[in-house]
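Working through the structure, step by step
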Amino acid sequence: MSVLSHTVALTSIFEEEYRELRPRAPIPPLDIRFRRFTSLNTTIRLREGQLHVRLSDILEHAPESVHRAIAHILLAKLYKKPIAPSYADRYRRHVSSEAVSRQAEHVRQTRGRKRILTAKGTYYDLDEVFETLNTRFFHGLMGRPTLTWSAHHAKRMLGHYDAAHNTIVVSRVFDRPDTPRCAVEYLLYHEMLHLKHPVRVKAGRRCVHSRDFQAEERLFPELEAALAYLKRL
């Protein structure tokens, strides 16, 4: 089926779901397009009386039932209506499936860009901290990913592991003289555990912090002190 055919079919689905959610309101014109996003993005906006829908091209060949779930979820969010659990579950199961997850990961690797700055900060060298933790907790067997301080002093995302680019990013807010070393070590240790315990999908649900992950995280000797410091930020 061509992109045009997909769009025509999707327009019909969106119109049907619109009628279900807003039976008395006239259906506005729809502009639905697939885009080469770097992730499973889906957006909907109402501008000048027209609904603009943008979907990741990863979803282009999804089953009709998934397209219907997407239409319902986007319209329900836009008009502040309850999202039917069956639709939410259908969409979640699809995007969490092994095939779609693998495709999304490939897209992130090939299309996405990762801004890499430096592992050596003013006060802390992430490469040195990594090697210390690697020896201390992982017998020196963990391969070193790319390590970098963030571009900004972010407080919402203190650290994260990007599997697509095999990169650990730590917020630059910690690269200062009054930051206890245990806080930097804990953040890096937490992200290193993501390398050891990758995200898994069970019954359609992503398991980010498995029991094994959590058990190993509790082995960090200065866990309480590190968490207490993070709460004060």
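Everything below is about the structure shown above.
In what follows, the accompanying structure is described. (Residues numbered from 1 in each chain as written. Predicted model: local features only at pLDDT ≥ 70, side-chain atom pairs only at ≥ 80, totals over all residues. Heavy atoms only, no water.)

1. A closer look at the side chain of Arg54
Selection rule: Each helix is a run of H or I in the DSSP string that is no shorter than four residues. Each strand is a run of E no shorter than two, and both are numbered from the N terminus. Relative accessibility decides the category of a residue: with a 1.4 Å probe and only protein chains considered, values under 20% of the type maximum give buried, values over 50% give exposed, and everything between is partly exposed. Two N or O atoms count as a polar contact when they lie within 3.5 Å, although within protein this holds only if one can serve as hydrogen donor and the other as acceptor, and sequence-adjacent residues are included solely when both atoms are side-chain atoms. The contact rule is simple, with two residues in contact once any of their heavy atoms fall within 4.5 Å.
Tracing the backbone shows Arg54 in strand S3 (residues 50–56). With relative accessibility at 15%, the residue Arg54 sits in the buried group. A polar contact is formed between the side chain of Arg54 and the side chain of Asp31, at a distance of 2.8 Å. The residues contacting Arg54, other than those within four sequence positions of it, are Asp31, Ile32, Arg33, Arg35, Phe37, Asn41, Thr42 and Thr43.

2. Describing the packing of helix H2 (residues 64–78) against helix H3 (residues 85–96)
Under the convention used in this document: The angle between two axes is taken between their N-to-C directions and runs from 0 to 180 degrees, where each axis is a line fitted to C-alpha atoms and a helix contributes only its stretch in contact. Orientation labels follow simple angle bins: below 35 degrees gives roughly parallel, above 145 gives roughly antiparallel, 65 to 115 gives roughly perpendicular, and whatever is left gives oblique. Each crossing gets its hand from how the near helix is turned against the far one by less than a right angle, where anticlockwise is left-handed and clockwise is right-handed.
Two numbers describe how H2 lies on H3: the axes approach to 9 Å, and their chain directions differ by 125 degrees. Here H2 is positioned oblique relative to H3, judged by the angle of their axes. Crossing geometry of H2 relative to H3 is assigned as left-handed. Judged by residue contacts, Ser65, Val66, Arg68, Ala69, Ile70, His72 and Ile73 of H2 engage Tyr87, Ala88, Arg90, Tyr91 and His94 from H3.

3. Quick look at the sheet that holds strand S6 (residues 167–170)
This is how the line gets drawn: Two strands are said to pair when DSSP picks up at least two bridges between them.
Across the sheet, which stays open at both edges, the 3 strands sit in the order S4-S6-S5 with mixed pairing between neighbours. Every interior strand has two partners, whereas the edge strands, strand S4 (146–149) and strand S5 (159–162), have only one. If you compare each strand with its neighbour and ignore which way they point, the axes differ by 15 degrees on average.

4. Some remarks on the pattern of salt bridges
Where we set the bar: A pair is scored as a salt bridge if a Lys or Arg side-chain nitrogen falls within 4 Å of a carboxyl oxygen belonging to Asp or Glu.
Summed over all chains, the structure comprises 15 salt bridges. In this structure, the salt-bridge partner of Arg68 is Glu17, at a minimum N-O distance of 3.0 Å. Note that Arg68 is positioned in helix H2 and Glu17 in helix H1 (residues 3–21), a separation of 51 residues in sequence. Residue class for Arg68 comes out buried when judged on its relative accessible area of 18%. Glu17 sits in the buried class, given a relative accessible area of 4%.

5. Considering unusual backbone geometry
Phi at Glu48 takes a positive value of approximately 50 degrees, unusual for a residue other than glycine. With respect to the helices, strands and loops of the structure, Glu48 is situated in the loop between strand S2 (42–47) and S3. Using a relative accessible area of 87% as the deciding quantity, one classes Glu48 as exposed.

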